[in-house]
Amino acid sequence: MAQGAAPSAAAAAAGGGCPSVPAATTPPGTPRSSAAPAAAPPPPHSAAAGHYAVELYFDPALENQVLKAWNALARRQLSSRLIDTASRPHLPLLHLPAAALHGDALPRLAPSLRALASRLDPLPLALSSLAALPPNSSAPHDPGVLFLAPTPSAALLGLHAQLCELLRKDAGVEVPDAFRPDHWVPRCAVAVDVPRGRMAEAFCVLRELKLLPVSGYGMDIALVEVGPAVRELVSYPLGGSGGAGAD
């Protein structure tokens, strides 16, 4: 996975009001329901699953601030994939190819995530900057990705390091290079499909929201399946003994 980078000079320097573009006539969607999923995490889908992800969910106030950004971009028809796939605002802690959680790795990972979450407190977070991933040199016209970057903290980096160790020891899965503790760049996506020719406009829209800096807490660790839609398999509250789903 490409690592985070500062926005291009042209995008970052775009000033004045944002260009006038007709708003979408269909209201943006809402994040996926927080209702509990089926009682047990389902087995991997060998063909349907794009990948699995372990995500850190936010408290409601911080989540709503990120949703403001998603909805503002969707109204301007700049980006709506995160809404369309029923995603939820989060920091991705790990991405794993579908093949990595083969056999009994998925059932073994769920109780380990619950144990990790139960011994941690809600995690203070401060989303402090807006940036973009650099264009892929082999596909420079691919859609742009914008994200809010948290201020790194010992608690956040420690959570991630514990998760990587847990994955190796309890599920027997190697952490992908981009998510190794010495490579990981924490970020909260606000757009993943901005046309390259409209990146400056997207930066302008987000600047006008005046969201940053914004603080809150990481509240839950979730394991999700990412395909055409995002499907939550389990989620566990930090500092709690319960959670959605079961192992």
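Let me begin by describing the structure that accompanies this report. (Residues numbered from 1 in each chain as written. Predicted model: local features only at pLDDT ≥ 70, side-chain atom pairs only at ≥ 80, totals over all residues. Heavy atoms only, no water.)

## What to know about the packing of helix H4 (residues 105–118) against helix H5 (residues 154–170)
Item 1. Contact geometry of H4 with H5 gives a least axis separation of 10 Å together with a crossing angle of 150°. Considered as vectors, H4 and H5 are oriented roughly antiparallel to each other. Viewed along their axes, H4 and H5 form a crossing whose handedness is right-handed. Taking contact as the criterion, the partners of Arg108, Leu109, Ser112, Leu113 and Leu116 in H4 are, on H5, Leu159, Gln162, Leu163, Leu166, Leu167 and Asp170.
Item 2. Class assignment of the residues belonging to the contact of H4 with H5 gives a composition of 7 nonpolar, 2 polar and 2 charged. (Axes fitted to C-alpha atoms, helices over the stretch in contact; angles between N-to-C directions. Helix = DSSP H or I, 4+ residues; strand = E, 2+ residues; numbered from the N terminus. Parallel < 35°, antiparallel > 145°, perpendicular 65-115°, else oblique. Left-handed = near helix turned anticlockwise from the far one by under 90°. Contact = heavy atoms within 4.5 Å. Nonpolar A, V, L, I, M, F, W, Y, C, P; charged D, E, K, R; others polar.)

## Brief notes about empty space enclosed by the protein
Item 1. Tallied over the full model, the rule gives 1 cavity of 30 Å³ or more.
Item 2. Approximately 30 Å³ is the volume attributed to the largest cavity.
Item 3. Forming the boundary of the largest cavity are Trp70, Ser79, Ser80, Arg81, Leu82, Ile83, Val190 and Ala191.
Item 4. Looking at the lining of the largest cavity, the elements that each hand over two or more residues are helix H3 (81–84) and strand S5 (188–194).
Item 5. Per-element tally for the lining of the largest cavity: the top contributor is H3, with 3 residues.
Item 6. Grouping the amino acids of the lining of the largest cavity by side-chain chemistry returns 5 nonpolar, 2 polar and 1 charged. (1 Å grid on protein atoms, 1.4 Å probe; cavity = no way out; pocket = protein on both sides within 12 Å on 5 of 7 lines; lining within 4 Å. Points joined across faces, edges and corners; volume = space filled by probe spheres on them.)

## Details of the nonpolar core
Item 1. Judged by nonpolar contacts, the single largest core of 68 residues is most densely connected at Leu56, Leu146, Ile221 and Leu223.
Item 2. The next biggest cluster of nonpolar side chains, apart from the first, holds 6 residues, and it includes Ala222, Val224, Val226 and Val230. (Core = buried A, V, L, I, M, F, W, Y, C linked by side-chain atoms within 4.5 Å. Buried < 20%, exposed > 50% of the residue type's maximum accessible area, 1.4 Å probe, protein only.)

## Let's talk about the pairing of strand S1 (residues 51–58)
Item 1. A large share of S1 lies buried, amounting to 7 of its 8 residues.
Item 2. Taken together, the 7 bridges between S1 and strand S2 (residues 90–97) define a ladder with antiparallel strand orientation. Each residue of the ladder has a partner; that of His51, found in S2, is Pro97.
Item 3. Pairing between S1 and strand S6 (residues 214–226): 8 bridges, direction antiparallel. (Pairing = 2+ DSSP bridges.)

## Let's talk about H4
Item 1. For H4, built from 14 residues, the straight-helix expectation of 20 Å at 1.5 Å per residue is met to within 8% by its first-to-last C-alpha distance of 20 Å.
Item 2. In this structure, the buried side of H4 is in contact with S1, H5, S6 and strand S7 (230–237). (Expected span 1.5 Å × (residues − 1).)

Bear in mind that shape data such as this cannot, by itself, settle questions of function.
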